[in-house]
Amino acid sequence: MLWNEFKKPKDIEKILSALTKYDKEIRIMEICGTHTVSIAKSGIKGILPKNIKLISGPGCPVCVTPTERIDDILFLSKNKDVLIATYGDMIRVTGSIDGTSLEKRKAEGFDIRVVYSPLDAVKIAQCCKDKEVVFIGIGFETTAPSTAIAIERAINEGVNNFSVFSLHKMVEPVLRKLINMNDFNIDGFLCPGNVAVIIGEEGFRFLEIEFKIPSVICGFEAGDIIYSIYRLIQMRENKDFKLENEYIRAVKQKGNEIARNIMNKYFEPCDDIWRGIGWIENSGLKLKDEYIQYDAVKKFNLDLNPYKNNDFCSCGEVIKGKIDPRECKLFSTVCTIENPKGPCMVSSEGACAAAYKYSD
Amino acid sequence: MCLAVPLKVIQINGKDAVGESLGIRRDIRIDFIKDVNLGDYVIVHAGFAIEKIEEEAALENLRLIKEVADALE
Ligand code: SF4
């Protein structure tokens, strides 16, 4: 099958061997959690020389959600009339009181359901008419359009007991924030292919035009990643700082307009908080005022926790690429896959989970 | 949430479809894709197809990799 060729394209050995000869230090950030997992699974880190540093960035949606918002969800989940529908990755994330999570709430008898698609949450609302179903909308531009479709379905089918707690975020604002930090020291970005499918090559163009940082929009197979790393190195060597699209089989210049239109119909940008980083202007997505009855925060009059930044773990530093998961003092001693302490270990896309599962 | 592997569309019923890869079938939605036909390959994220992958583009993609490798000789 043609698609499998990207796992190990015939020509990749040559590129890989050129990479192993590269001897200068270069720091490359993979923004996306799915890349973090592919890199760990494929063993790429082990093959590359130590001077080529691959650093995980703020691209795991569960990991960037701050403890304050987890607390808000946990608070809402205690409402007997509420049924929480969420992607599986969220249910083990703990709030500020150690050990509290949606999983715990479920064990205590509260109604928490894991769904694979936001439309499943609407279906649950249609069956359980005596409950208020709240879907936890999480993810970047890749999943926000799907949440929008669920809202549209609820409107069209007159489902009034459905709402969304939106934790959706956008990639560009957080990248700008990282780049503008005083201690920013990344030489090149592997840009998330799945986000680029929606926002297009154009969505990452600012990296080239405003910041002149070598960047490659990259697919998720080992071949894609090795090729893209090589191109980043070539760009740096040739002082040719631009944005390239490696993932041309999926990413169009303008992205997926249908998906973007539906996202923009229901959502608008809002200031939002990120774990370990804090407030970032216009970095989140909230429901537009016309759809207020589908916004769980408004519907339940939730008094959202203000940003306190009292995270007990180092996940914030991991998300910003400031430390490697192994540098967290809890890593693999107190915080393990079986008993995770921070979201970077809970989420299957988290940098700590990847480092723990695939470490050699 | 994200499946990097493209699924082959084997059933279409309005915006609902069934995708398959290596014998595993999944219900997917095709709201975001224009003109999906049986046999097309799509990338799926949280139950939604987010893009169709054309064979031609994939071949071009492999050519890109080959070009860089060839220049190394
Ligand atoms: S090891 Fe655990 S506590 Fe430390 S940064 Fe990772 S997830 Fe957070």
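Thresholds applied
- Residues numbered from 1 in each chain as written.
- Chains lettered and ligands numbered in written order.
- Predicted model: local features only at pLDDT ≥ 70, side-chain atom pairs only at ≥ 80, totals over all residues.
- Heavy atoms only, no water.
- UniProt positions renumbered as here; feature names shortened; annotations may be inferred.
- Helix = DSSP H or I, 4+ residues; strand = E, 2+ residues; numbered from the N terminus.
- Rg over C-alpha atoms; globule rule 2.2 N^0.38 Å.
- Buried < 20%, exposed > 50% of the residue type's maximum accessible area, 1.4 Å probe, protein only.
- Contact = heavy atoms within 4.5 Å.
- Areas by Shrake-Rupley, 256 points an atom, 1.4 Å probe, with all protein chains shown as cover.
- Lys, Arg positive; Asp, Glu negative; His and termini not counted.
- Charge placed at Lys NZ, Arg CZ, Asp CG, Glu CD.
- Pairing = 2+ DSSP bridges.
- Axes fitted to C-alpha atoms, helices over the stretch in contact; angles between N-to-C directions.
- Buried area = accessible area lost by both parts, 1.4 Å probe.
- Salt bridge = Lys/Arg side-chain N within 4 Å of Asp/Glu carboxyl O.
- Polar contact = N/O pair within 3.5 Å; in protein donor to acceptor, adjacent residues only side chain to side chain.
- Domains from an automatic or database assignment.
- Near = heavy atom within 4 Å.
- Parallel < 35°, antiparallel > 145°, perpendicular 65-115°, else oblique.
- Left-handed = near helix turned anticlockwise from the far one by under 90°.
- Nonpolar A, V, L, I, M, F, W, Y, C, P; charged D, E, K, R; others polar.
- Disulfide = S-S within 2.5 Å.

Per an unreviewed UniProt entry, chain B carries the name Hydrogenase expression/formation protein HypC and comes from Caloramator quimbayensis.

The name recorded for chain A in an unreviewed UniProt entry is Hydrogenase maturation protein HypD, from Caloramator quimbayensis. Per UniProt, the comment on chain A under Sequence similarities (unreviewed entry) is "Belongs to the HypD family."

Draft legend 1. Structural detail: the overall build of chain A. Regarding its fold elements, chain A presents 17 helices and 11 strands. Computed over C-alpha atoms, the radius of gyration of chain A comes to 21 Å, within 12% of the 21 Å expected from 2.2 N^0.38 for 360 residues, which places it in the range of a compact globule. When its C-alpha atoms are laid out on the principal axes, chain A stretches across 65 × 45 × 45 Å. When the 360 residues of chain A are sorted by exposure, 63% land in the buried category. Intrachain contacts of chain A at a sequence separation of at least 6 include 78% that bridge at least 24 residues. Summing over all exposed atoms, chain A offers an accessible surface of approximately 14,300 Å²; the carbon and sulfur share of this is 49%. Side-chain charges of chain A comprise 49 positive and 50 negative groups, with the mean position of each set lying 2 Å from the other.

Draft legend 2. Region of the structure containing the sheet that holds strand S5 (residues 132–137) of chain A. Residues and elements named next belong to chain A. Pairing within the open sheet is parallel, and its four strands lie in the order S4-S3-S5-S6. The sheet is open, and its two borders are formed by strand S4 (112–114) and strand S6 (162–166), each paired with just one other strand. For this sheet the average axis-to-axis angle between neighbouring strands, irrespective of direction, equals 25°. This element, helix H8 (residues 144–156), spans S5 and S6 of the sheet and lies at about 160° to S6.

Draft legend 3. Spatial organisation of the side chain of Asp-224 of chain A. Checked against the element boundaries, Asp-224 of chain A lands in helix H12 (residues 222–237). Those residues in contact with Asp-224 of chain A that lie beyond four places of it in its chain are Phe-6, Cys-218, Gly-219, Glu-246 and Arg-249 of chain A.

Draft legend 4. How the structure looks around the interface of chain B and chain A. Contacts between the two partners involve 35 residues from chain B, matched on the other side by 45 residues from chain A. The junction of chain B with chain A conceals about 3,500 Å² of combined surface from both sides, 72% of it contributed by carbon and sulfur atoms. Joining chain B to chain A, the criterion identifies two salt bridges. Note that Lys-14 of chain A is salt-bridged to Asp-70 of chain B, the shortest N-O span being 3.6 Å. Summed over the shared surface of chain B and chain A, the result is five residue pairs in polar contact (both at pLDDT 80 or more). Sorting the residues of the side of chain B that touches chain A by element identifies strand S1 (2–13), strand S4 (41–45), strand S5 (48–53) and helix H1 (55–70) of chain B as the ones contributing at least two each. Broken down by element, the side of chain B that touches chain A gets its largest block of residues, 13 residues, from H1 of chain B.

Draft legend 5. How the structure looks around the domain arrangement of chain A. Residues and elements named next belong to chain A. Domain assignment breaks chain A into domain 1 (1–17 + 25–301) and domain 2 (315–357). The gap between the C-alpha centroids of domain 1 and domain 2 is 18 Å. Contact residues are listed per partner, giving 29 residues for domain 1 and 21 residues for domain 2. Here domain 1 meets domain 2 over a buried area of about 1,900 Å², counting both sides, of which 58% is carbon and sulfur. Of all residues in domain 1, Cys-63, Asp-89 and Arg-92 give up the largest surface area on contact with domain 2, accounting jointly for 27% of the area buried on that side. Seen at the junction of domain 1 and domain 2, the total is one salt bridge. Among the salt bridges present, the one from Lys-322 reaches Asp-183, with a minimum N-O distance of 3.2 Å.

Draft legend 6. Local environment of the site of the ligand. Surrounding the ligand, one finds Cys-313, Ser-314, Cys-315, Val-318, Cys-328, Leu-330, Phe-331, Cys-335, Gly-342, Cys-344, Met-345 and Cys-352 of chain A. Counting residues per element, the ones that place at least two in the shell around the ligand are helix H15 (315–319) and helix H16 (343–346) of chain A.

Draft legend 7. Seen up close, unusual backbone geometry. The backbone of Asn-282 of chain A sits at a positive phi, close to 45°, despite the residue not being glycine. In this fold, Asn-282 of chain A is placed in strand S11 (residues 278–287). For Asn-282 of chain A, a relative accessible area of 40% translates into the label partly exposed. The phi dihedral of Ala-46 of chain B falls on the positive side, at around 45°, and the residue is not glycine. Mapped onto the secondary structure, Ala-46 of chain B falls in the loop between S4 and S5.

Draft legend 8. Highlighting the packing of helix H1 (residues 12–20) of chain A against H12 of chain A. Residue and element names in this part refer to chain A. Remark: H1 packs on H12, axes separated minimally by 10 Å, with the N-to-C direction vectors making an angle of 45°. Here H12 runs oblique to H1, going by the angle between their axes. When you trace H1 past H12, the crossing you get is left-handed. Contact residues: Ile-12, Ile-15, Leu-16, Ala-18 and Leu-19 in H1; Gly-223, Ile-226, Tyr-227, Ile-229, Tyr-230 and Ile-233 in H12. For the contact of H1 with H12, the class distribution of residues is 10 nonpolar, one polar and no charged.

Draft legend 9. The state of the cysteines, seen in detail. On inspection of all chains with the given rule, the structure shows one disulfide over all chains. Cys-127 of chain A carries a free sulfur, and the closest cysteine sulfur to it, the one in Cys-128 of chain A, is 5.9 Å from it.

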